[in-house]
Amino acid sequence: MPADARTERLGRNLAAVESRLEAACRAAGRERSDLVLIAVTKTFPADDVRRLAALGVHDFGENRDQEAAPKAAALRDVALGWHFVGQLQTNKCRSVASYADAVHSVDRLRLVEVLGRAAEQAGRTVDVFVQVSLDDDQARGGATSEELPALADAVAGASGIRLVGVMAVAPVAADAERAFERLATIAARLRVDHPDAVSISAGMSGDLEAAIAAGATHVRIGTALLGDRAPVVR
Ligand SMILES: *Cc1c(COP(=O)(O)O)cnc(C)c1O
């Protein structure tokens, strides 16, 4: 990838994001190395992934299989971690399990069964974050706190997938700090039964500081790294 103007732009954005991450870690008494930065590249081309990879980013997030599958295929020559962060349909599990290293959006029992089987058939182990709804309004996905224990037990008991923690998106209208504190409480409760499920996927461009303060281990950053997205035509 030539050092073009786009690479320079991405490099500046990455430096700005890194300084926010470092400041947030410092404020929380945490280490930057405890945090995984996932660049959410949805709507941006595979070449941007290549540019960010050359700048040192290793983990990439996508939210639609139709877009993620060809992008991951185009980048097979680069060793990257692929994170599927969007709502997942059972008929996409086979495809997603073929390239995703982690799925952050498992929010119902039926998905556990289908994704686990697909991963097993692909001869892979896929990390699973159980997505929780922080306002118990499931419009944007996420299990309710009542559903979470059974869902987590199912993930932990399935082959092909591995329970690594929880994921959430802060509700639009909510105070992000309170929302992520609630997530931290849910995560702590989960670790009583599943001590290895230590990951917390939380924080986007607008609220990464609040997420890091509340213990996020994986931040999912799109706009602040890549710029504004064109509207998606579905
Ligand atoms: C798009 C997306 C992000 C990144 O959001 P930005 O606000 O652009 O940083 C994070 N998480 C999920 C689930 C997304 O769909």
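Residues numbered from 1 in each chain as written. Predicted model: local features only at pLDDT ≥ 70, side-chain atom pairs only at ≥ 80, totals over all residues. Heavy atoms only, no water.

### Quick look at helix 1 (residues 5–28)
Since there are 3.6 residues in each turn of an α-helix, residues three or four apart along the chain are aligned in direction. A rise of 1.5 Å per residue sets the reference length of helix 1, with its 24 residues, at 34 Å; its end C-alpha atoms lie 35 Å apart and thus fit the reference within 8%. Turning to helix 1, its buried residues number three or more, namely T7, L10, N13, L14, V17, E18, L21, A24 and C25. Residues of helix 1 that are buried sit in contact with strand 1 (36–40), helix 2 (46–54), helix 8 (208–213), strand 8 (218–221) and helix 9 (223–226). Just downstream of helix 1 lies G29, where phi reads positive at about 65 degrees. (Helix = DSSP H or I, 4+ residues; strand = E, 2+ residues; numbered from the N terminus. Expected span 1.5 Å × (residues − 1). Buried < 20%, exposed > 50% of the residue type's maximum accessible area, 1.4 Å probe, protein only. Contact = heavy atoms within 4.5 Å.)

### A closer look at the environment of S105
Note that S105 resides in strand 4 (residues 102–106). Of the residues examined, S105 reaches a relative accessible area of 1% and is grouped as buried. Separated by 112 residues in sequence, S105 and T217 place their C-alpha atoms 16 Å apart. Looking at S105, its side chain comes within polar contact range of the main-chain oxygen of G86, at 2.6 Å. (Polar contact = N/O pair within 3.5 Å; in protein donor to acceptor, adjacent residues only side chain to side chain.)

### A word on the site of the ligand
In the vicinity of the ligand, the contacting residues are V40, K42, V85, M167, M204, S205, R220, I221, G222, T223 and R229. Between the ligand and R220 there is a distance of 2.9 Å, counted from a nitrogen atom to a side-chain nitrogen or oxygen. Here an oxygen atom of the ligand sits 2.8 Å away from a polar atom, N or O, in the side chain of R229. Starting from 390 Å² of accessible surface for the ligand in isolation, the protein chains cover 88%. When grouped by side-chain class, the residues that make up the shell around the ligand number five nonpolar, three polar and three charged. (Near = heavy atom within 4 Å. Areas by Shrake-Rupley, 256 points an atom, 1.4 Å probe, with all protein chains shown as cover. Nonpolar A, V, L, I, M, F, W, Y, C, P; charged D, E, K, R; others polar.)

### Description of the packing of aromatic side chains
Inspection of every chain in the model, using the stated rule, returns one aromatic pair. Geometrically, the ring pair formed by F60 and W82 is tilted, given 6.0 Å between the ring centres and 45 degrees between the ring planes. Highlighted residues: F60 in strand 2 (residues 59–62) and W82 in strand 3 (residues 81–84), separated in sequence by 22 residues. By the burial criterion, F60 is buried, and W82 matches it. (Phe/Tyr/Trp six-rings, centres within 6.5 Å; stacked < 30°, edge-to-face > 60°.)

### Topic: the confidence of the model for the protein
Detailed reading of predicted coordinates is not advised where the pLDDT is low. For the protein, per-residue confidence averages 95 on the pLDDT scale, and residues scoring 70 or more make up 96% of the total. Per-element mean pLDDT across the protein ranges from 97 in helix 7 (residues 176–193) up to 99 in strand 1. (pLDDT = per-residue confidence, 0-100.)

### Digging into the pairing of strand 2
The two faces of the sheet receive side chains in turn, since in a regular strand these alternate between them. Side chains D59 and G61 project from strand 2 onto one buried face, and the interleaved F60 and E62 project onto a second face that is buried too. Bridge count for strand 1 against strand 2 is three bridges, and the pairing is parallel. Paired with V40 across the strands is G61, a residue of strand 2. For the crossover from strand 1 across helix 2 to strand 2, the handedness is right-handed. Bridging between strand 2 and strand 3 involves four bridges; their strand directions are parallel. Among the inter-strand pairings, F60 is bridged to a residue of strand 3, identified as W82. Following the backbone out of strand 2, through helix 3 (residues 65–74) and into the adjacent parallel strand 3, one traces a crossover that is right-handed. (Pairing = 2+ DSSP bridges. Right-handed = clockwise from strand over helix to strand, strands pointing away.)

### Quick look at the packing of helix 1 against helix 2
Packed helices, taken two at a time, are described by the angle their axes make and the gap between the axes. The geometry of helix 1 relative to helix 2 is characterised by a closest axis approach of 10 Å and an angle of 60 degrees between their N-to-C directions. With respect to their mutual orientation, helix 1 and helix 2 come out oblique. Where helix 1 crosses over helix 2, the two elements pack in a sense that is right-handed. Across the interface between the two elements, R6, T7 and L10 from helix 1 touch D48, R51 and L52 from helix 2. The residue makeup of the contact of helix 1 with helix 2, split by class, is two nonpolar, one polar and three charged. (Axes fitted to C-alpha atoms, helices over the stretch in contact; angles between N-to-C directions. Parallel < 35°, antiparallel > 145°, perpendicular 65-115°, else oblique. Left-handed = near helix turned anticlockwise from the far one by under 90°.)

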